[in-house]
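# Commentary on secondary and tertiary structure
Read off the chains here:
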2 protein chains.
Amino acid sequence: MSTRKDYHHGDLRDALLLAAEKQLSEEGPAGLSLRKLGRDLGVTPGAPYRHFEDKDALLAALATIGFQRLRATMLKEQKECVTGEERLRSGGIGYLKFAWKHPELFRLMFGWMPAREAPELHESGDAAFALLVDMLRQCEREGLLRQTALDAGLLAWSAVHGAAFLMIDGGLKLCGTEPDPEIVGDRVHRSLWSGIARHPVSVETGKESPASAPA
Amino acid sequence: MSTRKDYHHGDLRDALLLAAEKQLSEEGPAGLSLRKLGRDLGVTPGAPYRHFEDKDALLAALATIGFQRLRATMLKEQKECVTGEERLRSGGIGYLKFAWKHPELFRLMFGWMPAREAPELHESGDAAFALLVDMLRQCEREGLLRQTALDAGLLAWSAVHGAAFLMIDGGLKLCGTEPDPEIVGDRVHRSLWSGIARHPVSVETGKESPASAPA
DNA sequence: TTATAATGTCAACACTGTTTACAAAAAAAT
DNA sequence: ATTTTTTTGTAAACAGTGTTGACATTATAA
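A brief report on the enclosed structure follows. (Residues numbered from 1 in each chain as written. Chains lettered and ligands numbered in written order. Predicted model: local features only at pLDDT ≥ 70, side-chain atom pairs only at ≥ 80, totals over all residues. Heavy atoms only, no water.)

## Some details on the pattern of salt bridges
All names here are of chain B. Here the structure, examined in full by the defined rule, presents 16 salt bridges over all chains. Across the pair Lys-97 and Glu-77 runs a salt bridge, and its minimum N-O distance is 3.3 Å. Residue Lys-97 is located in helix α4 (residues 84–101), and its partner Glu-77 is located in helix α3 (residues 55–77); the two are separated by 20 residues in the primary sequence. In this structure Lys-97 comes out as partly exposed when scored by relative accessible area, which is 29%. Between Arg-107 and Glu-104 there is a salt bridge whose closest N-O contact spans 3.9 Å. Of the two residues, Arg-107 and Glu-104 are both situated in helix α5 (residues 103–112); the distance of three residues between them amounts to about one turn of the helix. You can call Arg-107 buried: its relative accessible area is 15%. (Salt bridge = Lys/Arg side-chain N within 4 Å of Asp/Glu carboxyl O. Helix = DSSP H or I, 4+ residues; strand = E, 2+ residues; numbered from the N terminus. Buried < 20%, exposed > 50% of the residue type's maximum accessible area, 1.4 Å probe, protein only.)

Listed below in structure tokens is the structure:
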């Protein structure tokens, strides 16, 4: 939207965010310096402080953008899905695609979320989660779940979130899986959907459900 | 073990690690400064460099200790378990307990693992994962799994790892769950074990398995 | 045109990680 | 026991950082 491309620099705030994201993805969070950002943009060290109260504020803004993009990626991925299960599967793959494409940003989002208050950060984070709950509510409406949407949501989010971290941290090599979002997402979805136990078990009692007891 | 309590300071290396962990847990990774550590221990800024090549090296050592403790916590938690399923459940709860008790250290462990090479870091990390695989192999031997140990391991680790992050980042409030390791672990285990789909589905084909099709 | 607010410069402060040359103490070698 | 060597810590310095305050400049509004 960028309603102001005037003033001294033109649009420093956005330029800072853009450069910051680039620097973050190229050199990690340690190599992200406000002074360096200013230098690259041809501006003095004090200038960024007219747009961000703090270095943390800059990072919080970056994380906020990240959450919005995460949500957008999930939405785009599930654009043509109809079934709740399809949406869940595709949404998860979108989640993994985002983490795989922006690993440092992803880590920033979940490593700083609690530190800074930053209301807009929490809003965008909650919005991303609301999308997941939506997907599961649809599954619930379609009678696909054997538990509540929130119960299933806990496992679904945990699984996809954990898989994302394992992917970007290289932990998947230990599982004998290619770190490809489509492949991992598909595998996680299938296991998640059907459970890992050979004989289905009642969620409430923990006992085998009689319907599928072996011969 | 601490075979050397002599020299100038006594045992600076261990003292540094101890103080670093305290500082990390109290003020987060941003407030962790080598100079401040030295100051607190009554030692000059250059001293730590006799024990750690780098600040990153100090952090890597810290993370290594973290992995060893993580493994120990899981082992302790499943000490009296016999069934593979019980071990899996308790191991997961141990994982969550560790993350809940040392959130900053936990984040450090999985936010720096890939950055620094640090062979000992990878060793300790792999050792922790090997424990999980062990648990699933036992499940496999007992005929409890409907898929390979590695397949199940991917989901199991993802789920517990993700749940840990959600706990320490406050994401669980959105799931309507208390952030208690035992409760979360139990819920995740049950969903994980039995799947979230109402009608069990073949892992290979994705079609409903005939054994439990509804009337 | 003038007043005002927004934006950027400049110079400084306190702090950090890190290196270098040096001193002291402990361990090893004689 | 004395000398040599290695380990450990000190001292002083360098470059770089986040951050602040007083000032200049420019765009916006009156």
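Now that the structure has been shown, we can carry on.
## What about empty space enclosed by the protein?
Evaluation of the coordinates by the stated rule reveals five cavities of 30 Å³ or more. Space inside the largest cavity adds up to approximately 260 Å³. In terms of lining residues, the largest cavity is bounded by 26 residues, among which Gly-92, Tyr-95, Leu-132, Ala-156 and Val-160 of chain B are the most central. When residues of the lining of the largest cavity are traced back to their parent elements, those giving at least two are α3, α4, α6 (119–141), α7 (149–168) and α8 (181–194) of chain B. The biggest single contributor to the lining of the largest cavity is α4 of chain B, with seven residues. The volume enclosed by the second largest cavity comes to roughly 130 Å³. For the second largest cavity, the lining is made up of 13 residues, of which Leu-88, Gly-92, Val-160, Val-188 and Leu-192 of chain A are closest to its centre. Of all the secondary-structure elements, those providing two or more residues to the lining of the second largest cavity are α4 (84–101), α7 (149–168) and α8 (181–194) of chain A. Taken together, the residues that form the lining of the second largest cavity break down as nine nonpolar, three polar and one charged. (1 Å grid on protein atoms, 1.4 Å probe; cavity = no way out; pocket = protein on both sides within 12 Å on 5 of 7 lines; lining within 4 Å. Points joined across faces, edges and corners; volume = space filled by probe spheres on them. Nonpolar A, V, L, I, M, F, W, Y, C, P; charged D, E, K, R; others polar.)

## What about the packing of aromatic side chains?
Scanning the entire structure with this criterion turns up 11 aromatic pairs over all chains. Judged by centre distance (5.0 Å) and plane angle (55°), the ring pair of Phe-106 of chain A and Phe-110 of chain A falls under tilted. Of this pair, Phe-106 of chain A and Phe-110 of chain A both sit in helix α5 (residues 103–112), four residues apart, which is roughly one turn of the helix. Judged by its relative accessible area of 0%, Phe-106 of chain A is buried. Given the relative accessible area of 3%, Phe-110 of chain A is considered buried. In textbook terms, an aromatic cluster arises when at least three aromatic residues are bridged by ring pairs, as seen for Phe-67, Tyr-95, Phe-106, Phe-110 and Phe-165 of chain A together with Phe-67, Tyr-95, Phe-106, Phe-110 and Phe-165 of chain B. (Phe/Tyr/Trp six-rings, centres within 6.5 Å; stacked < 30°, edge-to-face > 60°.)

## What about the side chain of Ser-124 of chain B?
Residue and element names in this part refer to chain B. Here Ser-124 lies in helix α6. Within the structure, Ser-124 has its side chain in polar contact with the backbone oxygen of Leu-121 (distance 2.9 Å). The residues touching Ser-124, leaving out its near neighbours within four places in the chain, are Thr-64, Phe-67 and Gln-68. (Polar contact = N/O pair within 3.5 Å; in protein donor to acceptor, adjacent residues only side chain to side chain. Contact = heavy atoms within 4.5 Å.)

## Here's the deal with the environment of Ala-61 of chain A
Residue and element names in this part refer to chain A. The residue Ala-61 is located in helix α3 (residues 55–77) in this model. Spatially, the C-alpha atoms of Ala-61 and Leu-121 are 7.3 Å apart, while their sequence positions differ by 60 residues. Leaving out residues up to four positions away in the same chain, Ala-61 has contacts with Arg-13, Leu-17 and Phe-52.

## Some thoughts on the environment of Ser-25 of chain A
All names here are of chain A. Here Ser-25 is to be found in helix α1 (residues 12–27). Sequence separation of Ser-25 and Glu-104 is 79 residues, and the distance between their C-alpha atoms is 5.6 Å. Polar side-chain contacts of Ser-25 include one of 2.9 Å to the backbone oxygen of Lys-22.

## Details of the packing of α4 of chain B against α6 of chain B
All names here are of chain B. Packing of α4 against α6 leaves a shortest axis separation of 8 Å and a crossing angle of 155°. Relative to α6, α4 is oriented roughly antiparallel. For the crossing formed where α4 meets α6, the hand is left-handed. Two secondary-structure elements touch here, α4 through Gly-84, Glu-85, Arg-87, Leu-88 and Gly-91 and α6 through Leu-131, Leu-132, Asp-134, Met-135, Leu-136, Gln-138 and Cys-139. Partitioned by chemical class, the residues of the contact of α4 with α6 number six nonpolar, three polar and three charged. (Axes fitted to C-alpha atoms, helices over the stretch in contact; angles between N-to-C directions. Parallel < 35°, antiparallel > 145°, perpendicular 65-115°, else oblique. Left-handed = near helix turned anticlockwise from the far one by under 90°.)

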